[in-house]
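Close look at the chain arrangement
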Amino acid sequence: MRVAVFGATGTIGASLLPLLVREHAVVGISRGTRDDAGGVSWRQADATDAEAVRRALEGVDVAYYLVHSLGSSDFEERDLLAASTIATEAERAGVRQLIYLGGLGDTGEDLSPHLRSRIETGLRLETGAVPVTTLRAAIVIGPGSAAFETVVALVDRLPAMICPRWVRVPTQPIALQDTLGYLAGVCGMEQAFGRSFDIGGPEVMTYREMIERVAKLRGKHPLIVEVPFLTPRLSSYWLHLVTPVKARVARPLIEGLRAPTVAREDKIAQVVPLEPTPFDQATRRALEAQS
């Protein structure tokens, strides 16, 4: 099949391309120009530009939507506009399947703008006639993942850290290689058309436990003090000072910590049988890739 990847230069997209080229003709789509290489043909398009998207989707059977505007002040509006454009133009181009990587988290009034945006983006993609396959994940453990690299930076730079009390909220991190395996596995699979799947690693833990597990693998023992008054805004400024993550990215990520991000079902195992990678193994692999 001819497979297009929107967001092909991002953390997930760039890692997914080598898997897809093994079985498909792959088109990488980015906002800037790139030379064809590694079995990938590149096309230029901004996901909000209908005419450019229309050209990029010519002859495409399956399209991945891995675009995220996190870091911009209007990321919610931009993501919805992009999703609408993709849904409309994919239908016009005769695309057979859209594949979207969203986020775990129940709907509700307390949902953060970031997590709410991921859900609403998926719903907007579904407004077209092209069936959408949605995979919903929490933190991805791998190099380039903003959330994971924030945790590593905290562990490496701070012997003690003050954390908001919601670091005790449960999450279900997933290894980068498992995320890629699921994404590649549902490509063109009619059994997955029009369905949503929760994906996660084999362990549920709190964010504090995740920090402590990473610290142990790093040979460190940071003192963690939980306080009730550290707001997302203050937390984002603090992270901006001590980690590589910018405040505009950190703040929506931190706001999302207040909601549990745990898989509610494991239907994906029936569609893509994959042995989930344990957290420590995934973390070691990610740390080795960073060094």
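Keep in mind the model is a prediction, meaning the values are calculated, not measured.

Let us now look at the overall build of the protein chain. The helix and strand inventory of the protein chain stands at 11 helices and 13 strands. Across the 291 residues that make up the protein chain, the buried fraction comes to 51%. By sequence separation, contacts in the protein chain at least 24 residues apart represent 77% of the contacts at least 6 residues apart. On the protein chain, roughly 13,200 Å² of surface is accessible, and the fraction owed to carbon and sulfur atoms is 50%.

Here the focus is helix H7 (residues 207-217). Three- or four-residue spacings in an α-helix give side chains the same orientation, since the helix completes a turn every 3.6 residues. Taken residue by residue, H7 has Tyr207, Arg208, Met210, Ile211, Val214 and Ala215 as its buried positions. Along the axis of H7, the buried positions cluster into a sector of 160°, meaning they face one direction only. Gly219 sits one or two positions beyond H7 and adopts a positive phi of about 75°.

With that settled, consider empty space enclosed by the protein. Under the definition given, this model contains 1 cavity of 30 Å³ or more. Taken together, Ile141, Pro173, Ile174, Ala175, Gly201, Pro202, Glu203, Thr277, Pro278, Phe279 and Ala282 make up the lining of the largest cavity. The residue inventory of the lining of the largest cavity, partitioned by class, reads 8 nonpolar, 2 polar and 1 charged.

All right, on to the side chain of Thr150 then. Looking at the element boundaries, Thr150 is found in helix H5 (residues 146-157). Judged by its relative accessible area of 9%, Thr150 falls in the buried class. A distance of 2.7 Å separates a polar atom in the side chain of Thr150 from the backbone oxygen of Ala146.

As a further point, take the packing of aromatic side chains. For the structure on display, the rule yields 1 aromatic pair. Between Tyr65 and Tyr100, the ring centres sit 6.0 Å apart and the planes meet at 45°, which makes this aromatic pair tilted. Separated by 35 residues along the polypeptide, Tyr65 in strand E4 (residues 62-65) and Tyr100 in strand E5 (residues 97-103) bring together distant segments of the chain. Taking the relative accessible area as the measure of exposure, Tyr65 reaches 0% and is therefore buried. Lying over the aromatic face of Trp42, Arg34 brings its terminal NZ or CZ to 5.1 Å of the ring centre. Across the ring face of Phe197, the terminal group of Lys267 is positioned such that the distance to the ring centre comes to 5.9 Å.

So, on to the packing of H7 against helix H11 (residues 279-290). Where H7 meets H11, the axes come as close as 10 Å, and the angle between the chain directions of the two elements is 55°. Here H11 runs oblique to H7, going by the angle between their axes. As H7 runs across H11, the sense of the crossing is right-handed. Every residue of H11 that contacts H7 at Met210, Arg213, Val214 and Leu217 is listed here: Phe279, Asp280, Thr283 and Arg284.

All right, on to the sheet that holds strand E1 (residues 2-6) then. Here 7 strands make up an open sheet; going across it, the order is E3-E2-E1-E4-E5-E6-E11 and the pairing parallel. Strands at the two margins of the open sheet, each flanked by one partner only, are strand E3 (40-44) and strand E11 (196-198). Averaged over all pairs of adjacent strands, the angle between strand axes in this sheet comes to 20°, irrespective of strand direction. Both E1 and E4 contribute to a ladder of 4 bridges, which runs parallel. Paired with Ala4 across the bridge in E4 is Ala63. In the packing of helix H6 (residues 176-185) onto the sheet, the strands contacted are E4, E5 and strand E6 (132-137), and the crossing angle to E5 comes to about 155°.

Moving on, we get to the pairing of E5. Taking burial as the measure, the 7 residues of E5 include 7 buried ones, the bulk of the element. The side-chain alternation of E5 yields two buried faces, one formed by Gln97, Ile99, Leu101 and Gly103 and the other by Leu98, Tyr100 and Gly102. The pairing of E4 with E5 spans 4 bridges and is classified as parallel. Following the sheet pairing, Ala63 is matched in E5 by Leu98. Two strands pair when backbone bridges link them, and E5 and E6 are joined in this way by 6 bridges, in the parallel orientation. Directly across from Leu98, in E6, lies its bridge partner Val132.

Reading the values: the criteria
- Starting from 1, residues in each chain are numbered consecutively following that chain's sequence as written.
- Totals for whole chains, interfaces and linings use every residue, but because this is a predicted model, local features are given only for residues with pLDDT of at least 70 and side-chain atom pairs only at 80 or more, for both listing and counting.
- Calculated side-chain values reflect all of the structure's heavy atoms, with hydrogen atoms and water omitted.
- Strands here mean DSSP runs of E at least two residues long; helices mean DSSP runs of H or I at least four residues long; both are numbered from the N terminus.
- Only protein chains enter the calculation, and the probe is 1.4 Å; a residue is then buried if its accessible area is under 20% of its type maximum, exposed if over 50%, and partly exposed in between.
- A contact between two residues is defined here by any heavy atoms of the two lying within 4.5 Å.
- Accessibility throughout is a Shrake-Rupley quantity obtained with a 1.4 Å probe, and a residue counts as covered only by protein chains that appear here.
- Here the arc refers to the directions that run from the helix axis out to each C-beta atom.
- For each structure, a 1 Å grid was placed over the protein atoms alone; sets of points admitting a 1.4 Å probe that cannot get out are labelled cavities, open sets with protein on both sides within 12 Å along at least five of seven lines are labelled pockets, and lining residues have an atom within 4 Å of a point.
- Grid points are joined across faces, edges and corners, and a volume is the space filled by probe spheres set on the points.
- Residues are grouped as follows: nonpolar covers Ala, Val, Leu, Ile, Met, Phe, Trp, Tyr, Cys and Pro; charged covers Asp, Glu, Lys and Arg; every other residue, Gly included, is treated as polar.
- For the purposes of these results, a polar contact is taken to be a pair of N or O atoms within 3.5 Å, where, inside protein, one atom must be able to donate a hydrogen and its partner to accept one; residues adjacent in sequence count only when each atom of the pair is a side-chain atom.
- Planes of paired rings set the category: under 30 degrees apart is stacked, over 60 is edge-to-face and the rest tilted, where pairs are Phe, Tyr or Trp rings (Trp by its six-membered ring) whose centres lie within 6.5 Å.
- Charge-over-ring contacts are defined here by two conditions on Lys NZ or Arg CZ: a distance within 6 Å of the ring centre and an angle within 35 degrees of the ring normal.
- Here, axes are lines fitted to C-alpha atoms. For helices the fit covers the stretch in contact, and angles between N-to-C directions go from 0 to 180 degrees.
- Orientation categories follow fixed angle ranges, with anything under 35 degrees roughly parallel, anything over 145 roughly antiparallel, 65 to 115 roughly perpendicular, and all other angles oblique.
- With the far helix as reference, a near helix turned anticlockwise by less than a right angle produces a left-handed crossing, and one turned clockwise produces a right-handed crossing.
- In this analysis, strands are considered paired if DSSP registers two or more bridges between them.

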